[in-house]
Amino acid sequence: MDSRKTLIANLPKAELHMHIEGSLEPELMFSLAQRNGVELPYASVEEIRQAYRFDCLQDFLDVYYQGMSVLQTERDFFDLTWAYLEHCRTDNVTHVEIFFDPQGHTDRGIPFATAFEGIASALEKGEAELGISSRIIMCFLRHLDEESAFETLRQAEPFLDRIAGVGLDSSEKGHPPTKFQRVFERARELGLKIVAHAGEEGPPGYVWEALDALGVHRIDHGNRALEDEALVARIVAEQIPLTVCPQSNLRLAVVKDMADHPIRKMLALGIKATVNSDDPAYFGGYVNDNFNALVDALDLPEDEIITLVRNSFEAAFLPEEVKQQHLARLEAAVEQHATH
Ligand code: HPA
Ligand code: ZN
């Protein structure tokens, strides 16, 4: 095997952009549908996989919201999250910051607490039994209105000691960050970290807005920031991390070909980029698959692999001391690779 793929497999990594509902594999979707008596428009696991052909973000989102309908009980959310953590163990992902979409559940009558406690209890077990540290970021759905986001923030109040931050996801075009300026201001007052999807399909102006109107600590995706030199200069000067998702970008036609993926360019410009899976069950793979795809298509060299992984811990919402522990383990694995 390419020694770079061995390196990727052996390095401890952090994943910072992964929607837990997007880790719902067809097999689990099917078995939860049966367990809960939910009707799916698919007759088999194969048919579900066949439906995963997308021309754009909205194509995917339609299938993604449909898929979540099988998630009904706290145990379902636990099983979903635990299955993801098992992939983390396989991939040597030692820290995760996962997104969840409360409105995707509350809007179909599932209480906030049901989804939250299922996810949180699996993450707690993952920390205790697998040594995987974690944070939860709740996202507002940008196709809904700001009042609905405020209502979600109110529902989250009893759980805020276990929520690290808020994000913004779903259909980007036509739903600029400024639409949510007030609710993000309230989230900042509550001491929450701030992220937002921006510049995936939307224009560079949405990335500016995420920075200026929302006060983001990281940008999710951010690909289209590269179209604006002044914006790149700002992102580099402030070292705003970008959580980049290569296989997602390919499957949602954000890039035409993996060989066109801008991640090496981002690094060359001085951008703190990281590699993430976004919705691994829908886009063809988990974190290591994403790194391996970059090795295959872009000949991603060893030093850039290490930089991307280092960035993943540096960009994490962890106390400095915990971050340093993760980074020390990373440097030890790098050292070990060099001497073998
Ligand atoms: N973009 C926007 N919303 C999402 C995504 C994404 O890639 N994945 C899940 N919700
Ligand atoms: Zn995403």
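Here the structure is a predicted model, which is why all the values come from computation and not from measurement.

**Description of the sheet that holds strand β7 (residues 242-244)**
Link 1 in the chain: Taken in spatial order, the eight strands make up an open sheet running β1-β2-β3-β4-β5-β6-β7-β8, and their pairing is parallel. Where the open sheet ends on each side, the last strands, each with one partner, are β1 (13-19) and β8 (273-275). Between one strand axis and the next, the sheet turns by 25 degrees as a mean value, whatever way the strands run.
Link 2 in the chain: Relative to strand β6 (residues 218-221), strand β5 (residues 193-198) is paired through four bridges, and the arrangement is parallel. Counterpart to His-197 in the pairing with β6 is Asp-220.

**Considering the coordination of the zinc ion (ligand 2)**
Link 1 in the chain: Binding of the zinc ion (ligand 2) to the protein goes through His-17 (NE2), His-19 (NE2), His-197 (NE2) and Asp-278 (OD), at separations of 2.0 to 2.2 Å.
Link 2 in the chain: Each of the four donor atoms around the zinc ion (ligand 2) contributes to a set of angles spanning 84 to 175 degrees, which defines the coordination as irregular.
Link 3 in the chain: The sequence motif formed by the donor residues of the zinc ion (ligand 2) is H-x1-H-x177-H-x80-D. With His-19 in strand β1 and His-197 in strand β5, this residue pair connects regions lying 178 residues apart in the sequence. Accessibility classification places His-19 together with His-197 in one group, the buried group.

**Some remarks on the site of ligand 1**
Link 1 in the chain: Lining the immediate surroundings of ligand 1 are His-19, Leu-57, Phe-60, Leu-61, Tyr-64, Asp-169, Ser-170, His-197, Glu-200, His-221, Asp-278 and Asp-279.
Link 2 in the chain: Here a nitrogen atom of ligand 1 and a side-chain polar atom of His-19 are 3.3 Å apart.
Link 3 in the chain: The separation between an oxygen atom of ligand 1 and a polar side-chain atom of His-221 is 3.3 Å.
Link 4 in the chain: Considering ligand 1 on its own, with 260 Å² of exposed area, one finds that the protein chains cover 100% of that surface.
Link 5 in the chain: Tallying contributions element by element places helix α4 (residues 57-68) first for the shell around ligand 1, with four residues.
Link 6 in the chain: The residue makeup of the shell around ligand 1, split by class, is four nonpolar, four polar and four charged.

Thresholds, definitions, all that
Residues numbered from 1 in each chain as written. Chains lettered and ligands numbered in written order. Predicted model: local features only at pLDDT ≥ 70, side-chain atom pairs only at ≥ 80, totals over all residues. Heavy atoms only, no water. Pairing = 2+ DSSP bridges. Helix = DSSP H or I, 4+ residues; strand = E, 2+ residues; numbered from the N terminus. Axes fitted to C-alpha atoms, helices over the stretch in contact; angles between N-to-C directions. Donors = N, O, S within 2.8 Å, 3.2 Å for Na, K, Ca; no water. Tetrahedral: all angles 85-135°; square planar, octahedral: opposite > 155°, others 65-115°. Buried < 20%, exposed > 50% of the residue type's maximum accessible area, 1.4 Å probe, protein only. Near = heavy atom within 4 Å. Polar contact = N/O pair within 3.5 Å; in protein donor to acceptor, adjacent residues only side chain to side chain. Areas by Shrake-Rupley, 256 points an atom, 1.4 Å probe, with all protein chains shown as cover. Nonpolar A, V, L, I, M, F, W, Y, C, P; charged D, E, K, R; others polar.

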